[in-house]
Amino acid sequence: MQPLSSLSHLILFQLLCGSLCSRCPYDCSCFPNNNIFCVQLKLVNMPRGFPSSTKTLYVFQNNINTLQQQDFVELGELVMLDLSQNALSEIPDQVFSPLSTLLNLDLSSNRITHISKDSFTGLVNLERLYLYNNHIQSIHPAAFEGLETLLELKLQGNQISVLPALQLPRLLHLDLSYNSISPPGPEHLQTPQLESLKIAGLGQSSVDEGLLRSLVNLHVLDVSQNQLVAIQPELKEMVGLRNLNLSGNPLGSLKREDFQNLNNMLELDLSNLNLQGFPEGFFNHFPKLEKLTAAGNPFNCLCTLAWFPTWLKDARVELLRMEETRCHFPPINSGMVFAKLEHKDFGCPTTTIELTSAENRSTTNKPTEPTTPSGTTHAIPPPPPSEVPSADKESFLPFPTSVSPSSILVEPEQELMCPSNICLNGGTCRFVPYGQVSCLCPRSTSGLYCEIQNEARPPPPSPRVSIETIATVLPNTISSHHVTSTSISLDLQRYIETRPHISGIRLTYRNLSGPDRRPLQLNLPASYPEYTLRGLLPNSTYSVCASPLGEPIHVSVACIEARTAGIPPSSHEPSVDKTEPSSSLIPIVVVVTVVMFAAIVATVVVIRCRRRFKVPETSPLELEGMKNRPENGMTHSKQPAPCPSLTQSSLEYEAPLIQGQCPANNN
C-alpha cells in the first residue's frame, strides 16, 4: 500500500504543478492573469516558449529587427501585443495571422517604411492599431481591408505622401498629424462614426468643407500647427464639438461670432496664436467650458484684460500650462504669470462717484458705499456709457437727489497722469471718457498702444532660425537644475534615455521677456547629459526646447521655461535717487568747497611766509654795510628769523598754521 500511496502523491504533485506553474521565458517577468513583460532586455529576436494562455505580452524597448510567423503560433489567446520602440524595418506578410483574438497591436516608434497588402491579414478582431513615429512612406490601398472592427488608428509622425481611402465603418479615433499628405477629403475618410480627428501639422490653409459636413458625429478636432487664417463657416456649425485645438495658426484676432454656435465646448486650445488679449465676454459662448489653454501668447496685461483672471475663478475653468501663460506688455508685468495677477496689477484708473444733495446744497458729499473702519470709501468703477447715472434714474440713489455733471468726480492724479510706459513707439497717453486709456500714435505706427509699425522692413540676415511647426510638447523629459542671472543649466539625461537612437540634440531657446523673441539654435551630441546656456539676459523668461538632430523638427519635442535671476544691488554702494537731486547734498557740497578753499589759501600763505622770512647766511648787520665784530673773543651765532605777528589781518602776513621754531609770546 505504501508504494501506491507514494505514486498517488507524485501524480497529485504533477497535476498541481501543471495547473499552478507555467512556463516563463528567460529574463522575462510573468505576472498573474497571464501578463508577461520582456522589457529592456536587448533582445534581437522575438522570444519563444510563452504559455498558450498568455493574454497580454509586452516586448517593447528592445532591438528586435525581424518577425516570423512561428513567433506567434502558440499565442492563440493573445489579446494585447506591444512591440513598440524596437528596430523593426518591415512587417512580413501574414506574420500576425495566428492572432485571430488580438484586440490591440502597438508597433509605434520602430523603423517601418512600408505597409503591404497582407501586413495585417488575420487580425479580424483588431480594435486598436498604433503605427505612429515610424518612417512609413507608402501604404498599400488594401492594407486595412478586413479590419472591420477597428476603432482607433494612429499614423502621426510618419512620412506618408499618399493617404489611401479608409473604409472603416466603425472607426472612432484617427490621427494623421505631421505627415506629408494633402488635406484629406470625404473620399479619403469613409468613416461615418468618426468622433475624433487630428490633422495637425499638415500645412493646410483650410479644412475640406465636404469633410466637415460629412463628420456629423465629430466631438474632437485638432487642426493645430497649420496655416489657417480664419474660422471657416462649416466649423462654426459643428455644434457637437467638445474639444477644439487651434494652436499655432496665424488666425490673428478672434471674433465672438466665430464661436457663437459652439455652446457644448469642454476643452479649447488657443495657444501660440500671437494673441494680445480676448474681447470682454468672449468666453460667454462656452457655458460648459472646463479646460482652457492660452500659453505662448504675448498678452498685453492692461486694464482691458483685467476681467480675465476674475472670470477664470468665477467660472471655475482650469487654465492648462498656466506657467507658460505670461504677460508680454507693459514692461512692469513682462514675464509675470497671467492668472496670478490681481485686478490692481492691470493699471486700471481709479474713479470715485460722489453724490451731492440738491435740497440743502451742502458741500458735504454722500458716499454711495459705506465707509470702512479706517474711514476710507470704496472706489466704484466707471459705468459704461449706457449706464451713466442721470436724474431720471431715481432708484439708483439712496435718497431723492439730482445729479449734476460736477457730481461725478475723477481723482486729480488719475485725470492728469497715465500709467508709465503704456504707449509704444513715441505714442502719447491720454484718458478718454469713463476712465479708459488710449494712445495718440505717430503716423508711422498704429494700433491700440502704437505697437504696430506701418513701414515693414525686412529683418537683417541673422544666424537665428525660425520654427514653423511645433510638435506636441513632451513634458518632464528635460529640466533645469541651476539658474543664475546669465545662465541656465539643463538636465538632458532623461531626454537621451527615452530616445536611445538619436544621433544628437537640436537645442532651441528664445527670450520670452525681451523685444527680440526669435529663437537661437545649438546642436549637441547625444553624449551630453548636461549643458549650460550662457550669455543670457538677467531677469528674463527663456523657453528652451530639445528635439532629435537630423529628424523633422516636430518629432519628439520637449520644452521647458526658466527665468534668470536679477542682478542684486551692491551692498557697499548707497542707493541714490536719480530722478531728483537730494536736498541733503547741498550743504555737504558747500562745506567741501569752503574746506578746499581754506586749504589752498593756507598752502599759499605757508609758501610765501617761508620765502619772505628765510634766514640769510650773513647777519642782518652785514646787509646794512656793517660787519659783525666779535665781542669778548666770541662770534655771534645766527639768529632765527622773526616770526610774524598773529594780529596782522593782511593775508600776505598771515601766520602759518605750524610755527615750529617760534617761541610762545608770553608777554
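Scroll up for the structure.
Residues numbered from 1 in each chain as written. Predicted model: local features only at pLDDT ≥ 70, side-chain atom pairs only at ≥ 80, totals over all residues. Heavy atoms only, no water.

S.K.: Please explain the pattern of salt bridges as it appears in this structure.
M.R.: Where charged atoms from two side chains of opposite charge come close, those side chains can pair. This model, assessed by the stated rule, comprises 13 salt bridges. Glu 152 is the partner of Arg 128 in a salt bridge, and the nearest nitrogen-oxygen pair spans 3.7 Å. Of the two residues, Arg 128 is situated in strand β7 (residues 128–130) and Glu 152 in strand β9 (residues 152–154); the sequence distance between them amounts to 24 residues. For Glu 152, a relative accessible area of 14% gives the class buried. A salt bridge links Arg 326 to Glu 323, with the nearest nitrogen and oxygen atoms 3.5 Å apart. For Glu 323, a relative accessible area of 39% corresponds to the partly exposed category. Linked through salt bridges whose partners overlap, the residues forming this network are Glu 127, Arg 128, Glu 152 and Lys 154. (Salt bridge = Lys/Arg side-chain N within 4 Å of Asp/Glu carboxyl O. Helix = DSSP H or I, 4+ residues; strand = E, 2+ residues; numbered from the N terminus. Buried < 20%, exposed > 50% of the residue type's maximum accessible area, 1.4 Å probe, protein only.)

S.K.: Honestly, unusual backbone geometry in this entry has me stumped. Any pointers?
M.R.: The phi angle of most residues is negative, glycine excepted, and most peptide bonds adopt the trans form. That bond from Phe 329 to Pro 330 is cis: its omega, 0°, falls within 30 degrees of zero. For Pro 330, the location among the structural elements is in the loop between β20 (327–329) and β21 (352–356). Within the chain, Asn 539 stands out as a residue other than glycine whose phi angle is a positive 55°. Mapped onto the secondary structure, Asn 539 falls in the loop between β32 (530–533) and β33 (541–548).

S.K.: What's the story with the state of the cysteines in this structure? I'm lost.
M.R.: Here is the idea: a disulfide is a covalent bond, and it sits between the sulfur atoms of two cysteines. A complete count under the given rule lists 5 disulfides for this structure. Each disulfide pairs two cysteine sulfurs, and for Cys 545 the partner residue is Cys 559, the sulfurs being separated by 2.0 Å. On the sign convention where negative means left-handed, the S-S torsion of about 110° between Cys 545 and Cys 559 marks this disulfide as right-handed. Placement of Cys 545 in strand β33 and of Cys 559 in strand β34 (residues 558–563) is noted, with a sequence separation of 14 residues between them. Cys 559 carries the same exposure label as Cys 545, and that label is buried. (Disulfide = S-S within 2.5 Å.)

S.K.: Please clarify how the sheet that holds strand β28 (residues 479–483) should be interpreted in this entry.
M.R.: The 3 strands are arranged β28-β29-β32 in an open sheet whose pairing can be described as antiparallel. Every interior strand has two partners, whereas the edge strands, β28 and β32, have only one. Here the average twist between neighbouring strands, direction ignored, is 25°. Of the strand pairs in this sheet, β28 and strand β29 (residues 488–491) are connected by 4 bridges, and their pairing is antiparallel. Residue pairing in the sheet places His 482 in a bridge with Ser 489 of β29. (Pairing = 2+ DSSP bridges. Axes fitted to C-alpha atoms, helices over the stretch in contact; angles between N-to-C directions.)

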